[in-house]
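# A structural walkthrough
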Amino acid sequence: MAVLKPSTPIVPEPLPFIDLQAQRKRIGNHIDKAVARVMEHGQFVLGPEVKQLEDALAQFCGARHAITCANGTDALILVLMAEGIGPGDAVFVPSFTFVATGECVALRRATPVFVDVDPRSFNMEPASLDRAITVASKAGLTPRMVIAVDLFGRPADYSALRTVTDKHGLTLVADAAQSFGARLGETRVGVLADYTTASFFPAKPLGCYGDGGAILINDDTKAELLLSLRLHGQGNDRYDNVRIGLNSRLDTLQAAILLEKLRIFDSEIEARNEAARRYNALLSDIAVTPEMDQGITSVWAQYTILLSDSGTRKAVQSSCAASGVPTAIYYPIPLHRQTGYREFSMDPEGLPHSDWLAERVLSLPMHPYLTAAAQEQISRAVSDGILAGAT
Ligand SMILES: *Cc1c(COP(=O)(O)O)cnc(C)c1O
């Protein structure tokens, strides 16, 4: 006879951080059919779905060209290659981001220069950028490019950043790995900078079932160049490679999957925004919740709150873990403090906001299929953690 130990606590079903199964329930049969079609025609590399997806992505965000590639990191590397960025060049990146934003610069043997972020939007601060450019010039580097990141799905302040890049004659790139689908007013991410890079890693708002990426661009000549660069630097003659390139293509299978997911993406963006509004209503009295500014439509790659200090955060994490609520810290160590990146320079006033955020951020489960009931469970766990942290 099974005996329930009286001390066994009742732990609710663990919640997923991102629920890919819920999406599969909705469109799984369409995706399976799309995959079967690719199996049937057998054009696994640069098959017809790749061009179909590129046309659909370009149309979706109103850009002239979308060039798909193997992942979001390669998308950034390809952009740096297209601009001929190399040794002696300075590329300005936020410190509070995923490593790929700085990595692509260092990989090209150029110098990443770290810029601070605004503690409210999590995105690059134009004043910090301006100071970093001045200091890089004084150090003998050639300022060439700014890579702004739309952190957690919210577009950076491109008009303010553009003022700074115009003043110094720099190329403006949007690392939109987390923000594909987001908008500033009616304008979609994809046309807010000179180049926009996207990632289709499964956990991104528009994710495939493996790695994938894209570059969005309006310039026809650069689009041609990017097509060549992602294919070993191929010229008109297939065996005459006219430049040094990469092998960086999106698999036809992933393109076929993304075409199906793109069909429902707008409704998923709406559902993510509803979930974010519900979270804000539940949590804004007990934690710092993300601001929802008029005219900015985030895609909520992450829903991230701020706690008063790292001790409180630890208590909230424990309380959530105990009630089956997964949490994550994006990002615990800003780039300028990571072992491989410490040698590079930064805003001469330091990066106090990046440091401050790294101690306090906590990301909660976020996906389009999150229910109000699950969010109530999550907010109770957060609230219990805050109370426990205060004692
Ligand atoms: C995910 C991510 C990338 C890299 O994308 P991959 O497809 O994983 O290579 C780059 N920048 C940011 C900000 C990201 O979140």
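Since this is a predicted model, take the numbers as computed values, not measurements. (Residues numbered from 1 in each chain as written. Predicted model: local features only at pLDDT ≥ 70, side-chain atom pairs only at ≥ 80, totals over all residues. Heavy atoms only, no water.)

## Regarding a nonpolar patch on the surface
Rules: Two distance rules govern patches: like charges are joined within 9 Å, and nonpolar side chains (Val, Leu, Ile, Met, Phe, Trp, Tyr) within 5 Å, applied only to residues with over 30% relative accessible area and no salt bridge. Computed with a 1.4 Å probe, the accessible areas rest on the Shrake-Rupley method; for each residue, only the protein chains presented here act as cover. Salt bridges are defined as contacts in which a side-chain nitrogen from Lys or Arg sits within 4 Å of a carboxyl oxygen from Asp or Glu. Helix and strand assignments follow DSSP, with helices taken as H or I runs no shorter than four residues and strands as E runs no shorter than two, numbered in order from the N terminus.
On the surface, Met39, Phe44, Val45 and Leu46 cluster together into a nonpolar patch covering about 360 Å² of accessible area. Mapped onto the fold, leucine 46 is located in the loop between helix H1 (20–41) and helix H2 (48–61).

## Considering helix H3 (residues 72–82)
Which entries qualify depends on this criterion: For every residue, the accessible area (1.4 Å probe, protein chains only) is compared with the maximum for its type, and the residue is labelled buried under 20%, exposed over 50%, or partly exposed between those bounds. In protein, a polar contact requires one atom able to donate a hydrogen and another able to accept it; more generally it is a pair of N or O atoms within 3.5 Å, and residues adjacent in sequence count only if both atoms are side-chain atoms.
Burial analysis of H3 places ten of its eleven residues in the buried class, which makes it a mostly covered element. One side-chain oxygen of the residue at the start of H3 lies 3.0 Å from the amide nitrogen of threonine 73, identifying that residue as asparagine 71.

## Description of the packing of H3 against helix H7 (residues 220–229)
Basically, it comes down to this: Geometry is summarised by axes, namely lines fitted to C-alpha atoms with helices restricted to the contacting stretch, and by angles between N-to-C directions that run from 0 to 180 degrees. Relative orientations are named as follows: roughly parallel for angles under 35 degrees, roughly antiparallel for angles over 145 degrees, roughly perpendicular for angles from 65 to 115 degrees, and oblique for any other angle. Handedness of each helix crossing follows the sense of rotation of the near helix against the far helix: counterclockwise by less than a right angle gives left-handed, clockwise gives right-handed. Here, two residues are considered to be in contact whenever any of their heavy atoms come within 4.5 Å of each other. Residue classes follow a fixed rule: Ala, Val, Leu, Ile, Met, Phe, Trp, Tyr, Cys and Pro count as nonpolar, while Asp, Glu, Lys and Arg count as charged, and any other residue, Gly among them, counts as polar.
Between H3 and H7, whose axes approach to 10 Å, the crossing angle comes to 120°. The pairing of H3 with H7 is recorded here as oblique in orientation. Crossing of H3 over H7 shows right-handed handedness. Facing H3, whose interface residues are Leu78, Val79, Met81 and Ala82, H7 presents Lys222, Leu225, Leu226 and Leu229. Considering only residue class, the contact of H3 with H7 consists of seven nonpolar, no polar and one charged.

## What about the site of the ligand?
To keep things clear, this is the line we draw: The nearness test applies per residue and asks whether one of its heavy atoms lies within 4 Å of the molecule or strand. Method remark: on a 1 Å grid restricted to protein atoms, a set of points is classed as a cavity if a 1.4 Å probe fits but cannot get out and as a pocket if it is open with protein on both sides within 12 Å along at least five of seven lines; lining residues have an atom within 4 Å of a point. Here the criterion for a molecule occupying a pocket or cavity is that more than half of its atoms lie within 2 Å of the pocket grid points.
Taken together, 14 residues form the shell around the ligand, and within it Gly72, Thr73, Asp175, Ser199 and Lys204 come nearest. Between the ligand and threonine 73 there is a distance of 2.5 Å, counted from an oxygen atom to a side-chain nitrogen or oxygen. For the ligand, whose unbound accessible area comes to 380 Å², protein coverage reaches 93%. The site holding the ligand turns out to be the largest pocket. Breaking the shell around the ligand down by element, the ones donating at least two residues are H3 and helix H4 (100–107).

## Notes on the sheet that holds strand E2 (residues 89–94)
Cut-off, in case you're wondering: For two strands to count as paired, DSSP must find a minimum of two bridges between them.
Here seven strands make up an open sheet; going across it, the order is E1-E9-E8-E5-E4-E2-E3 and the pairing mixed. The open sheet has two edge strands, strand E1 (65–69) and strand E3 (111–115), and neither has a second partner. This sheet shows a mean twist of 25° between the axes of neighbouring strands, independent of strand direction. Sheet analysis places E1 next to strand E9 (residues 213–217), joined by five bridges and oriented antiparallel. Paired with alanine 66 across the bridge in E9 is leucine 216.

## Re the domain arrangement of the protein
The criterion, for reference: Either an automatic procedure or a domain database provided the assignment from which the domain bounds are taken. Two parts placed together each lose some accessible area under a 1.4 Å probe, and adding up what both lose gives the buried area.
When the domains of the protein are assigned, the result is domain 1 (20–115 + 123–263) and domain 2 (266–390). Computed from C-alpha atoms alone, the centre-to-centre distance between domain 1 and domain 2 is 25 Å. Taken together, the contacts link 38 residues of domain 1 with 36 residues of domain 2. Buried area between domain 1 and domain 2, summed over both chains or domains, comes out near 3200 Å², and the portion from carbon and sulfur atoms is 57%. Looking at the side of domain 1 facing domain 2, the largest losses of area belong to Phe96, Phe114 and Phe152, adding up to 25% of the total buried there. Along the contact surface separating domain 1 from domain 2 lie four salt bridges. A salt bridge links arginine 154 to aspartate 293; the shortest N-O distance between them is 2.7 Å.

## Describing the pattern of salt bridges
Should the charged atoms of two oppositely charged side chains come close, the side chains can pair. By the definition in use, this model includes 18 salt bridges. With a closest N to O distance of 2.9 Å, arginine 131 and aspartate 347 form a salt bridge. Here the residue arginine 131 occupies a position in helix H5 (residues 126–138), and aspartate 347 occupies one in the loop between helix H10 (310–322) and helix H11 (352–360), the gap between them amounting to 216 residues. Accessibility expressed as a relative area gives 26% for arginine 131, which makes it partly exposed.

## Side note on the layout of surface pockets
In plain terms, the rule: Grid points are joined across faces, edges and corners, and a volume is the space filled by probe spheres set on the points.
The space that makes up the largest pocket amounts to roughly 470 Å³. Forming the walls of the largest pocket are 26 residues, and the residues nearest its centre are Phe98, Gln178, Ser199, Phe201 and Lys204. At the level of secondary structure, the elements contributing two or more residues to the lining of the largest pocket comprise H3, H4 and strand E8 (195–199). For the lining of the largest pocket, the element with the most residues is H3, which contributes three residues. When grouped by side-chain class, the residues that make up the lining of the largest pocket number 13 nonpolar, ten polar and three charged. Residues from two domains meet in the lining of the largest pocket; each of domain 1 (20–115 + 123–263) and domain 2 (266–390) gives at least three. Its volume calculated, the second largest pocket comes out at about 290 Å³. Lining the second largest pocket are 22 residues, with Glu291, Met292, Ile296, Ser298 and Trp300 positioned closest to its centre. Elements supplying a minimum of two residues to the lining of the second largest pocket: helix H9 (265–283) and strand E10 (296–297). Lining the lining of the second largest pocket are residues from two domains, each supplying at least three of them: domain 1 (20–115 + 123–263) and domain 2 (266–390).

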